[in-house]
Amino acid sequence: MNILTKLTLRFSAIVASILTLFSIAIFVFSASFRSGEFYDRLESRAMTTARLLLTVQEVDKALLRIIDQNSIPALPEEQVLIFDKNNELDYSSVESTKKSYPPELLERVRREGKILFKIGDIEQVGLMYRDAEGEFVVMASAYDRFGRRKLKNLRMILLIGWLVGIGITVPAGLVFAKQGLAPLAKMNNQVANINAGNLDRRLDEGNRTDEIARLAMNFNQMLLRLETAFEMQQSFVANASHELRTPLAVMRSQLQVTLSKERTAGEYRATLQSLLDDTDAFARLTTGLLQLAQSNVENQRFRFKPCRVDEALFTAQEELAKLHPNYHFQMDYAALPDDEEALTIPGNEQMLSIAFLNFMDNACKFSPEHTVQISLISSQGRLEIHFSDNGIGIPLDEQEKIYNAFHRAANVQGVAKGHGIGLSLCQKIVHLHGGEIQLKSAPGKGSVFIVRLPLQSPN
Ligand code: ADP
């Protein structure tokens, strides 16, 4: 069942229940009011008859009967009977009445003073009347024709009103639900037309205040994020293929030149050696690209495990030392805590050592002595790792941009080779661990990359 039908049905059901309750309440109150009013009239009728017969000397039974039968308004099927203390009928407003009451009932009237009851549709009142002549029981009964007819009319009016009300409610509910859902239907059409090719499209945000407008605004923000991510991915692919093509082109032209004429064994050896170096660099580049792509995927399915930061640092140092035996590492353990717990963070040790290796590699390759100073400090629920060098430094206006994939600062030309993907990867890994990177650097004076990692899981 769609929402439109559901809303219409619910709306109609609510209105129908209210109408029903309202009609029942009106009917019940009117019925009780009618019977109360009728009993009052019967009671006063009984009192008047008794008073006239028993108190007023001039009125005898025959006269009273004439008065009773001709008084206006006489009630339909009205009968007033008066019984003496022996339960003998003393007076009846109707000649030769067949009506009689059981003695227990008359006794009850004497006991209680007044009783109201019904026999079939005929309302009855029993009253005790005392005067100088003794105690009498006055029984008055009549049929409330007018009251009952009015009640019947009221029931008919309420039933017709109920049916008409429901008849109006269903189409009104449908229109109401359609109007309420119209912005959603419009939004649905707009969403259906958005695909990978037109991610720049946005939904109509309406008045920007109600719930549907807020849904549209949130959806638009999601589209913006998707568009940005999509563009970044496209530019990453473009940059990556450019980075991959350049070394391949260099290697190809090297081979072409070498093959263009006969070479000596030494020349062939030199070319092969150069190709070997280029292949190593190429392998490193593809590894870096793979890691960067992997870090994007890891972002979504990252599982935290307790891992030792100092061990990740040693692994990184060992690997880098194997690749570059000329690099120097100066580890400062002065502030290192004894407690193993203080060095353990929730994370992925392998990814952390990839990041640390990049920081160390940069520090060494951009400094003339190829030296990196590393210190590990534990303070206030987090770990700080400092990677310092006395190298070429980073210009102030480039310090933000160096985390963008493939960006390299202007002052590295001719100093060291690279592809500008290491820091982008480092930043992703650190953020994944809920950490942050701070950079202090001045051109010509060196750089310090400070990595701060929380000891508790960021989730
Ligand atoms: P790559 O090292 O391959 O160039 P990275 O992403 O690791 O790529 O670094 C991006 C840029 O940041 C570098 O090209 C360099 O300009 C700058 N950089 C990073 N670390 C240092 C450092 N320790 N000293 C000077 N410049 C640095």
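Reference entry: report on the structure contained in this document. Counting restarts for each chain, with residues numbered from 1 along the sequence as it is written. Local features in a predicted model are, by the rule used here, given only for residues with pLDDT of at least 70; side-chain atom pairs are given and counted only at 80 or more, and totals for whole chains, interfaces and linings are based on all residues. Side-chain figures throughout are based on the complete set of non-hydrogen atoms in the structure, without hydrogens or water.

### Remarks on the site of the ligand
As a reminder of what qualifies: A molecule or strand has a residue near it when one of that residue's heavy atoms lies within 4 Å. Polar contact is the term for a pair of N or O atoms within 3.5 Å; when the atoms are in protein, one must be able to donate a hydrogen and the other to accept it, and sequence-neighboring residues count only if both atoms are side-chain atoms. Note on areas: Shrake-Rupley, 1.4 Å probe, and residue coverage restricted to the protein chains presented here. Working definition: helices are DSSP H or I runs of at least four residues, strands are E runs of at least two. Numbering for both runs from the N terminus. Each residue is assigned to one class: nonpolar for Ala, Val, Leu, Ile, Met, Phe, Trp, Tyr, Cys and Pro, charged for Asp, Glu, Lys and Arg, and polar for all the others, Gly among them.
Around the ligand there are 21 residues in total, and Asn362, Arg408, Ala409, His419 and Leu423 lie nearest to it. In this structure, Leu423 approaches the ligand through a main-chain N or O atom, which is 2.8 Å from an oxygen atom. For the ligand, a nitrogen atom lies 3.5 Å from a polar atom in the side chain of Ser447. In isolation the ligand exposes 530 Å². Once the protein is present, 98% of that is buried. At the level of secondary structure, the elements contributing two or more residues to the shell around the ligand comprise helix H8 (349–365), helix H9 (422–432) and strand S12 (446–454). The element that contributes the greatest number of residues to the shell around the ligand is H8, accounting for 3 residues. Counted by class, the shell around the ligand contains 10 nonpolar, 8 polar and 3 charged residues.

### Things to note about the pattern of salt bridges
Our working definition: For this document, the term salt bridge refers to a Lys or Arg side-chain nitrogen within 4 Å of an Asp or Glu carboxyl oxygen. Relative accessibility thresholds used throughout: buried, under 20% of the residue-type maximum; exposed, over 50%; partly exposed, between the two (1.4 Å probe, protein chains only).
Applying the stated criterion across every chain, the model contains 17 salt bridges. Arg34 is the salt-bridge partner of Glu123, the closest N and O atoms lying 2.9 Å from each other. Taken together, the positions of Glu123 in strand S4 (residues 122–131) and Arg34 in helix H1 (residues 3–54) put the pair 89 residues apart, joining distant regions of the chain. Arg34 shares its class with Glu123; the two are buried. Glu340 is the partner of Arg308 in a salt bridge, and the nearest nitrogen-oxygen pair spans 3.5 Å. Highlighted residues: Arg308 in strand S6 (residues 305–308) and Glu340 in the loop between strand S7 (328–332) and strand S8 (344–347), separated in sequence by 32 residues.

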